[in-house]
Amino acid sequence: MSLEKFPRYGQEKRLLHGGDYNPDQWLKYPQVLADDLELMKDARANAFSVGIFAWSALEPEEGRFEFDWLDKIVDDIAGIGAKAIIATPSGARPAWLSKKYPEVLRVNARRERQLHGGRHNHCQSSPAYREKVGIINRKLAQRYGSHPALLMWHVSNEYSGHCHCPLCQENFRAWLEKKYKTIDVLNDAYWSAFWSHTYGDFSQVESPSPIGESMVHALNLDWNRFVTDITIDFYRHEAAPLREISPDVPITTNFMGELSQPWQSHPFAGLDYAKFAHEVDVVSWDSYPPWHNDYETTENLASRLAFVNDYFRALKNAPFLILESTPSAVNWHPVNKAKRPGMHMLSAVACLAHGADAIMYFQWRKSRGSSEKFHGAVVDHDGSRENRVFKDVKAVGEMLERVSEIKGSLTPARVALVYDVENFWALSDAQGFDNGDKKYPQTAHAHYKAFWDANVPVDVIPADRDLSRYDLVVAPMPYMTSDARIEALKAYVAGGGILVATYFLGIVDENDLVHPGGFPAGLREVFGINVLETDTLYPKDKNRIAFGGGSYDAFDYCALVELRGARAIGEYANDFYAGSPAATAHDYGKGRAYFIGARTGGDFLRGFYGEILRGMKLPELPVQVPAGVSAQVRESESHRYCFVMNYREEEGGFALKQEARDLISGRTFPRGEHRLIPYGVRIFKTEKTIEA
Ligand code: GAL
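Residues numbered from 1 in each chain as written. Predicted model: local features only at pLDDT ≥ 70, side-chain atom pairs only at ≥ 80, totals over all residues. Heavy atoms only, no water.

Caption draft 1: Up close: the overall build of the chain. When helices and strands are counted, the chain shows 18 helices and 29 strands. With 692 residues in all, the chain has 60% of them scored as buried. Contacts spanning at least 24 positions in sequence make up 73% of the contacts within the chain whose residues lie at least 6 apart. Accessible surface computed for the chain: about 27000 Å², of which carbon and sulfur atoms make up 51%. Within the chain, one finds 78 positive and 90 negative side-chain charges whose respective centroids are separated by 4 Å. (Helix = DSSP H or I, 4+ residues; strand = E, 2+ residues; numbered from the N terminus. Buried < 20%, exposed > 50% of the residue type's maximum accessible area, 1.4 Å probe, protein only. Contact = heavy atoms within 4.5 Å. Areas by Shrake-Rupley, 256 points an atom, 1.4 Å probe, with all protein chains shown as cover. Lys, Arg positive; Asp, Glu negative; His and termini not counted. Charge placed at Lys NZ, Arg CZ, Asp CG, Glu CD.)

Caption draft 2: The nonpolar core, seen in detail. Membership of the largest hydrophobic core comes to 201 residues, with the highest contact counts inside it found for W153, Y190, Y273, W364, M399, F527 and Y609. In terms of residue count, helix α9 (residues 217-245) provides more of this core than any other element does, twelve residues in total. The contact partners of F527, leaving out residues within four places of it in the chain, are L499, A501, L505, A566, H586, A593, Y594 and F595. Counting residues in each nonpolar core, the second largest holds 13 residues, with V633, C642, V644 and F654 among its members. (Core = buried A, V, L, I, M, F, W, Y, C linked by side-chain atoms within 4.5 Å.)

Caption draft 3: Spotlight on the sheet that holds strand β22 (residues 623-624). The sheet built from three strands is open, its strands ordered β22-β25-β28 with antiparallel pairing. Lying at the two open borders of the sheet, with one neighbouring strand each, are β22 and β28 (672-676). Sheet topology note: the β22/strand β25 (residues 652-656) ladder contains two bridges and is antiparallel. Bridge pairing in β25 places Q624 opposite A655. (Pairing = 2+ DSSP bridges.)

Caption draft 4: Summary view of the site of the ligand. The environment of the ligand is made up of F53, R119, N157, E158, D286, Y288, E324, W332, F362, E372 and H375. Interatomic distance of 2.3 Å between a side-chain N/O atom of E372 and an oxygen atom of the ligand. H375 places a polar side-chain atom, nitrogen or oxygen, 2.6 Å from an oxygen atom of the ligand. (Near = heavy atom within 4 Å. Polar contact = N/O pair within 3.5 Å; in protein donor to acceptor, adjacent residues only side chain to side chain.)

Caption draft 5: Region of interest: the domain arrangement of the chain. On domain assignment, one finds that the chain holds domain 1 (3-401), domain 2 (415-614) and domain 3 (623-687). Using C-alpha coordinates to define each centre, domain 2 is positioned 34 Å away from domain 3. (Domains from an automatic or database assignment.)

Caption draft 6: Local environment of the side chain of E213. Tracing the sequence through the fold places E213 in the loop between α8 (183-190) and α9. The side chain of E213 is buried and forms no salt bridge, while R111, the nearest opposite charge, is found at 10 Å. A polar contact is formed between the side chain of E213 and the side chain of H197, at a distance of 2.9 Å. (Salt bridge = Lys/Arg side-chain N within 4 Å of Asp/Glu carboxyl O.)

Caption draft 7: Just empty space enclosed by the protein, in detail. For the coordinates displayed, the defined rule picks out three cavities of 30 Å³ or more. Within this model, the largest cavity holds a volume of roughly 70 Å³. Here the lining of the largest cavity is built from residues that sort into one nonpolar, eight polar and two charged. A volume near 50 Å³ is recorded for the second largest cavity. Lining the second largest cavity, in full, are R14, L15, H17, R44, N46, G397, L400 and E401. Among the elements that take part in the lining of the second largest cavity, helix α13 (residues 388-402) stands out by supplying three residues, more than any other. Along the lines of polarity and charge, the residues of the lining of the second largest cavity split into two nonpolar, three polar and three charged. (1 Å grid on protein atoms, 1.4 Å probe; cavity = no way out; pocket = protein on both sides within 12 Å on 5 of 7 lines; lining within 4 Å. Points joined across faces, edges and corners; volume = space filled by probe spheres on them. Nonpolar A, V, L, I, M, F, W, Y, C, P; charged D, E, K, R; others polar.)

Caption draft 8: Quick peek at the packing of aromatic side chains. Per the stated rule, a full pass over the model turns up 53 aromatic pairs. Both rings, one in F504 and one in Y557, keep their centres 4.9 Å apart while their planes meet at 85°; by these two values the pair is edge-to-face. A residue pair is termed long-range when its members are at least 10 positions apart, and F504 in the loop between β14 (498-502) and α17 (521-527) and Y557 in strand β17 (residues 550-563) qualify at 53 residues. For the pair F504 and Y557, a shared accessibility class is recorded, and that class is buried. With 5.0 Å between their ring centres and 75° between their planes, Y572 and Y577 make a pair best called edge-to-face. Just above the ring of F65 sits the side chain of K139; from NZ or CZ to the centre is 5.0 Å. Just above the ring of W26 sits the side chain of R365; from NZ or CZ to the centre is 5.5 Å. (Phe/Tyr/Trp six-rings, centres within 6.5 Å; stacked < 30°, edge-to-face > 60°. Lys NZ or Arg CZ within 6 Å of the ring centre and 35° of its normal.)

Caption draft 9: The arrangement of the pattern of salt bridges in detail. Going through the model one piece at a time under the given rule, you end up with 51 salt bridges. Of the charged contacts in the structure, one is a salt bridge between D71 and R143, with a shortest N-O distance of 2.6 Å. With D71 in helix α4 (residues 68-79) and R143 in helix α6 (residues 127-144), this pair connects stretches of sequence that are 72 residues apart. Here R143 falls in the partly exposed class, since its relative accessible area comes to 39%. Between R243 and D281 there is a salt bridge; the shortest N-O distance is 2.8 Å. With R243 in helix α9 and D281 in the loop between α10 (273-276) and β8 (284-286), this residue pair connects regions lying 38 residues apart in the sequence. Judged by its relative accessible area of 12%, D281 falls in the buried class.

Caption draft 10: Highlighting the packing of α4 against α6. Viewed as axis vectors pointing N to C, α4 and α6 meet at an angle of 45°, and their least axial separation amounts to 12 Å. The pairing of α4 with α6 is recorded here as oblique in orientation. Here the hand of the crossing between α4 and α6 comes out right-handed. From α4, D68, L70, D71 and V74 reach across to α6, where they touch L140, R143 and Y144. (Axes fitted to C-alpha atoms, helices over the stretch in contact; angles between N-to-C directions. Parallel < 35°, antiparallel > 145°, perpendicular 65-115°, else oblique. Left-handed = near helix turned anticlockwise from the far one by under 90°.)

Caption draft 11: Fine view of the sheet that holds strand β24 (residues 639-646). Ordered in space as β23-β24-β29-β26-β27, the five strands form an open sheet in which the pairing is antiparallel. Each edge of the open sheet carries a strand with a single partner, namely β23 (629-635) and β27 (668-669). Sheet topology places strand β26 (residues 660-662) next to β27; two bridges connect them, and they run antiparallel. Looking at β27, one finds that R661 is bridged to T668.

Caption draft 12: Representation of α13 in the model. Spanning 15 residues, α13 covers 21 Å between terminal C-alpha atoms, matching the ideal 21 Å at 1.5 Å per step. Residues of α13 that are buried: V389, F390, V393, V396, G397, M399 and L400. Looking at the buried residues of α13, the elements they touch are β1 (16-21), α2 (30-42), α12 (343-353) and β10 (356-361). (Expected span 1.5 Å × (residues − 1).)

Caption draft 13: Representation of unusual backbone geometry in the model. With an omega dihedral of 20°, the bond running from F362 to Q363 counts as a cis peptide bond. Within the secondary structure, Q363 sits in the loop between β10 and α13. Phi at S196 is positive, roughly 60°, even though this residue is not glycine. For S196, a relative accessible area of 65% translates into the label exposed. A positive phi angle is found at K617, which is not glycine, with a value near 50°. Following the sequence through the fold, K617 ends up in the loop between α18 (602-614) and β22. The exposure class of K617 is exposed, given its relative accessible area of 68%.

Right, dumping it as structure tokens:
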């Protein structure tokens, strides 16, 4: 981000610490608001997102605005030396608005208009909603745009979902017409002769629906793309008055990550954040990992969290903000377990290590009523600063003050892993292979984990990003690979890049149409193979792969390939394809392309990538860590920061290769072996080059 454009933001040298503050729930309790200020200072909190759901308090009746209460809050925040991240209130609307303008209510895919209530459920097309949002956003910008406490605008909250009302249908059709120009072009892209689904003109197209069309895959894809575009359009409409009146104040909107289920380790899939990221000045996301769950190790969950952090960081190649996280438990996981001692600090450092410049919470104070009254907060119902959670938060606040020099430092990733939401959409639609679950996010994470285990920094990137800055690019299950992407992959390898792709490579194009003629010619050229077929195995089936002197399980999918210039580096051991290539390598131009034909366990992936990494000569870390202890780096112009995190429930250790100072404790540690308590953390500062 260019800090010149946003001088006030650039002058803020602290790592942000604070969170969602909802004083609008407490306006009848002045003592509570006064107590908050004292507690905020004590917790070393320095930034608060305010007004997120405050529309009813700001405009209790149409056209009657009440800003006095927010004036006081923002002044008070300034008074304690903290910053305000002021939100636009479109995430939830007042009842008068729904009542007078029912068009603002969303229509679901079954074409049922929803009643007033809940949140995050407005129609993105509605002119009435846009008008009302435009008015209040302008007033907020006029009133607070030059307030010294204003650090950033927080536009809406967690945009998501779709509306299928007549207005949205019209917008969708106009979007299609702009894209395809003629209905014939659309019919070709949609392969619509199938089941007689040919459209006569654009007016016949309807958004996908469980009671209507849902099998035309290119329509589904376009709908998802349209939903991203109309959400961005709505966001732009919201941002316009803010940009006009306060061009020097950066804008963010909080993105979401999915971590609450064992199989999830990916950004929210309802929007294409790769596109959305171009619109915001700072990327931020809301992080809610289910720590201490009963189905995985802490370290595995940490690697799932790291994957999502690495995605949000790589969207702009810049530090991002954790805009929401919980200081203790949430209220919406299947089981809401409290963070064990040490976990709050560890989970904060886990995000800093992957590029976060803020640790913010939902929520500052627990509400007394409604659905989030048991959601973790910095201030519990007891209002006390003596409870465990408050003390843990304060300790994180103090830590952030001590390590603030890491702010703005970057992650020096030379490895990229492609995770693409359009590919996820297409794979989720594909009928065939294993219809239970194609396991795209799980597979992406499994490949990522091999690098995590080796403490190698990775950028998790969307498919359209520039690859030339990376030495190694990994593309798990790249099912949707357009001709343009094939050219980009060719150019990358020809220029000296190392590319690894797996089964499901290059099956369909950007319209979800299978590439004619089988495995695309461009990919044959780069990989030196032809993919003949893909075998899908039952869950109990196994094959084996002989690779590098070892033997590894292959399951779920086995691609059968013939060599066309590549060499086999792994072979199947069983079944009718025993002895045929399961993994291949091919030198192409100045680079090399590898193909992994089967789904495998982590043991194979560690061995496979270990071999490649050995040839890459990555910069050495200043520490050596055992399994379960993770090391990650960020770099400023002059220094390297090495984060060491013990994700084990028992003591861990690390070996320092040189003397180094830990910014958290302020202690200098000599070269040699050291212990780490369970969940213990260190942030070592070293010069950029380490002594041999
Ligand atoms: C987020 C949301 C917050 C709060 C939080 C609870 O998704 O933005 O307003 O509801 O979840 O974890």
